[in-house]
Amino acid sequence: MSLITEKIAQSVGILNELGLPCWLTFVRESGMNGDPIMPFLAPADVTWHSAFLVMADGEAHAIVGQYDKKTVEDAGAYRTVEGYVQSAKQPLLEFLRRRNPASIAVNYSQGSEVCDGLTHGMFLTLEAWLGEIGFRDRLVSSERLISALRARKTSEELARMKEAIRLTEEVFARVAAFLAPGVTEREVADLVAAHVRDNHLELAWEAGTCPAVFTGPDTAGAHYAPTARAVERGHIVNMDFGIKHQDYCADLQRTFYVLREGETAAPAEVSRGFDTIIAAIEQARRAIRPGVTGQSVDAVARDLITGAGYAEFPHALGHQVGRFAHDGTALLGPAWEKYAQKPFVPIEEGMVFTIEPRLTVPGYGVATVEDMVVVTKTSAEFLSGPQTTLILIR
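Residues numbered from 1 in each chain as written. Predicted model: local features only at pLDDT ≥ 70, side-chain atom pairs only at ≥ 80, totals over all residues. Heavy atoms only, no water.

**Details of empty space enclosed by the protein**
Line of reasoning, step 1. Per the counting criterion, the structure on display carries 1 cavity of 30 Å³ or more.
Line of reasoning, step 2. In this structure, the largest cavity occupies an estimated 40 Å³ of space.
Line of reasoning, step 3. Lining the largest cavity, in full, are Phe26, Val27, Arg28, Asn33, Gly117, Thr119 and Met122.
Line of reasoning, step 4. Partitioning the lining of the largest cavity into residue classes produces 3 nonpolar, 3 polar and 1 charged. (1 Å grid on protein atoms, 1.4 Å probe; cavity = no way out; pocket = protein on both sides within 12 Å on 5 of 7 lines; lining within 4 Å. Points joined across faces, edges and corners; volume = space filled by probe spheres on them. Nonpolar A, V, L, I, M, F, W, Y, C, P; charged D, E, K, R; others polar.)

Here's what the structure looks like:
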């Protein structure tokens, strides 16, 4: 079974779960202005106005330009693929008139970017077309459907993510062997870039900050390109990096400590900061289970860190990972306005999250570890590592 067939079959179950009779994805020139859900529906971009319809009774029907028809047929996921020459309007209206769904879920959302793939222009087009058959008022948001479809990882999706994680951890091992006093952040990034190129790998996000490398105190801390700053003895070094494998991402961070002359272990304050991070990750993992909200999980780690005397970290504890490094609608995060409703979405089995608290060790740098977990029926299990020991650089 192809991944597209697998995800369309999964969407049928979600339609029935939500009481929705019909899901419509409506796109054009998807390579230029694509809907994030398209890789679940078609093996390649489409050109002209195209409609992908999935019904609660299991019927899947695609309406595409004539030259896109064979590509969509080859996916083997649709009962019928209808090709047109002049316009998608009449085939779409005829299908909807025949099926007469009480509501039509389409891809718009105010709260989630991954569920908001229907452009405003295409929405207006759809409204005008549906108005001709009296269906204009039947449009509803597909946010809950897409959220569940992206979140609930199938066995094939998890297999791809596990391989992405394995490849990512191989890179971290190379970095650990390369790090030394005098090496710059940029040189670390160049080493990683060469490994990725030589092994024909793909980065999980844009190359400018994949990897992100930070050495010592007073750095940008996150989401910033590596610089000419050199690693020094007594520095905490952290790196944020991920590989994408067969369209699925890993997103991990690892923390290193560069020993001073005569040191055989990290100073007590560095060890305490790192151990606090590891404890926060483990306690958060134990708090994750189906039905709880991300806000409650975030609070477990946030309270542990502030209770240990550190400032609270200025971001969410963790995000979902999938086809994007930042994916999905649910979030392990606080009730901050920028996160909208994401911290309040109930956690479901099959979701994959990062857990990535951070804290500053004054004079040394930022301690942060990012590992990935998958939600099971009763808890959450590590997919990566996890890193439980501070990596010492001599």
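**Structural notes on the nonpolar core**
Line of reasoning, step 1. Ranked by size, the top nonpolar core spans 69 residues in total, and within it Trp23, Phe52, Tyr78, Val175, Met239, Phe241 and Met372 carry the most contacts.
Line of reasoning, step 2. Ranked by residues supplied to this core, first place goes to helix α6 (residues 155-178) with 8 residues.
Line of reasoning, step 3. In contact with tyrosine 78, other than residues within four places in its own chain, are Ile8, Leu41, Phe52, Ala60, His61, Ala62 and Val72.
Line of reasoning, step 4. Core analysis: the second largest hydrophobic core is formed by 37 residues, Val270, Ile355, Val373 and Ala380 among them. (Core = buried A, V, L, I, M, F, W, Y, C linked by side-chain atoms within 4.5 Å. Buried < 20%, exposed > 50% of the residue type's maximum accessible area, 1.4 Å probe, protein only. Helix = DSSP H or I, 4+ residues; strand = E, 2+ residues; numbered from the N terminus. Contact = heavy atoms within 4.5 Å.)

**Quick word on the pattern of salt bridges**
Line of reasoning, step 1. Going through the model one piece at a time under the given rule, you end up with 27 salt bridges.
Line of reasoning, step 2. The partner of lysine 89 in a salt bridge is glutamate 132, and the shortest N-O contact between them spans 3.0 Å. One end of the pair, lysine 89, is in helix α3 (residues 89-99); the other, glutamate 132, is in the loop between α4 (120-131) and β6 (139-141), with 43 residues separating them in the sequence.
Line of reasoning, step 3. Residue lysine 89 is classed as partly exposed on the basis of its relative accessible area, which comes to 22%.
Line of reasoning, step 4. Residues participating in the shared-partner salt-bridge network are Asp57, Glu59, Arg98 and Arg99. (Salt bridge = Lys/Arg side-chain N within 4 Å of Asp/Glu carboxyl O.)

**Examining the packing of helix α8 (residues 268-287) against helix α9 (residues 294-307)**
Line of reasoning, step 1. Interaxial distance between α8 and α9 falls to 8 Å at its minimum, and their mutual angle equals 155°. When the interaxial angle is binned, α8 and α9 end up roughly antiparallel. The crossing of α8 and α9 is right-handed. Listed contacts from α9 to Thr276, Ile277, Ala279, Ala280, Gln283, Ala284 and Ala287 of α8 are Val297, Val300, Ala301, Leu304 and Ile305. (Axes fitted to C-alpha atoms, helices over the stretch in contact; angles between N-to-C directions. Parallel < 35°, antiparallel > 145°, perpendicular 65-115°, else oblique. Left-handed = near helix turned anticlockwise from the far one by under 90°.)

**Topic: the layout of surface pockets**
Line of reasoning, step 1. Its boundaries defined by the atoms lining it, the largest pocket holds a volume of some 690 Å³.
Line of reasoning, step 2. If you trace the largest pocket, you find 31 residues lining it, with His223, Asp251, His319, His326 and Glu356 closest to the centre.
Line of reasoning, step 3. Broken down by secondary-structure element, the contributors of at least two residues to the lining of the largest pocket are β8 (212-215), β9 (236-241), β13 (318-320) and β14 (327-332).
Line of reasoning, step 4. If one sorts the elements of the lining of the largest pocket by residue count, β14 sits on top with 4 residues.
Line of reasoning, step 5. Residues belonging to the lining of the largest pocket are distributed by class as follows: 10 nonpolar, 11 polar and 10 charged.
Line of reasoning, step 6. As a volume, the second largest pocket reaches approximately 290 Å³.
Line of reasoning, step 7. As for the second largest pocket, its lining consists of 16 residues, and the residues nearest its centre are Arg144, Ser147, Val345, Pro346 and Glu348.
Line of reasoning, step 8. Looking at the lining of the second largest pocket element by element, the count peaks at 4 residues for helix α5 (residues 143-151).

**Considerations on the side chain of glutamate 59**
Line of reasoning, step 1. On the secondary structure map, glutamate 59 appears in the loop between β2 (50-55) and β3 (60-65).
Line of reasoning, step 2. For glutamate 59, the side chain forms a polar contact with the side chain of arginine 98, separated by 3.3 Å.
Line of reasoning, step 3. A distance of 2.5 Å separates a polar atom in the side chain of glutamate 59 from a polar atom in the side chain of arginine 99.
Line of reasoning, step 4. Among residues more than four places away in sequence, those in contact with glutamate 59 are Leu53, Val54, Arg79, Phe95, Arg98 and Arg99. (Polar contact = N/O pair within 3.5 Å; in protein donor to acceptor, adjacent residues only side chain to side chain.)

**A few points about the pairing of β8**
Both faces of the sheet carry side chains from a regular strand, because those side chains alternate between them.
Line of reasoning, step 1. The alternating pattern of β8 places Ala212 and Phe214 on one face and Val213 and Thr215 on the opposite face, and all of these are buried.
Line of reasoning, step 2. Of the strand pairs in this sheet, β8 and β9 are connected by 4 bridges, and their pairing is antiparallel. The partner of threonine 215 across the bridge, within β9, is valine 237. (Pairing = 2+ DSSP bridges.)

**Things to note about the pairing of strand β16 (residues 358-361)**
Line of reasoning, step 1. In this sheet, strand β17 (residues 365-368) lies alongside β16 in antiparallel orientation, the contact comprising 4 bridges. The residue bridging threonine 360 from the neighbouring strand is valine 366, located in β17.
Line of reasoning, step 2. Taking the residues that link successive antiparallel strands as the turn, the β16-β17 hairpin has 3 residues, and the phi of glycine 363 there is positive, at about 85°.

**A few points about the state of the cysteines**
Any covalent bond linking the sulfur atoms of two cysteines counts as a disulfide.
Line of reasoning, step 1. Summed over the entire model, instances satisfying the criterion amount to 0 disulfides.
Line of reasoning, step 2. Not part of a disulfide, cysteine 115 finds its nearest cysteine sulfur in cysteine 22, a span of 17 Å.
Line of reasoning, step 3. Note on cysteine 210: no disulfide assigned, nearest cysteine sulfur contributed by cysteine 249 at a separation of 8.8 Å.
Line of reasoning, step 4. Under the relative-accessibility criterion, cysteine 210 is labelled buried at 3%. (Disulfide = S-S within 2.5 Å.)

**Quick notes on the packing of α6 against helix α7 (residues 185-198)**
Line of reasoning, step 1. The contact between α6 and α7 brings their axes to 10 Å, and the two run at 140°. In terms of axis orientation, α6 runs oblique to α7. Considering the relative orientation of α6 and α7, their crossing is right-handed. Residues Val171, Arg174, Val175 and Phe178 of α6 lie in contact with α7, whose contacting residues are Glu187, Val188, Leu191, Val192 and His195.
Line of reasoning, step 2. Its residues placed into classes, the contact of α6 with α7 shows 6 nonpolar, 1 polar and 2 charged.

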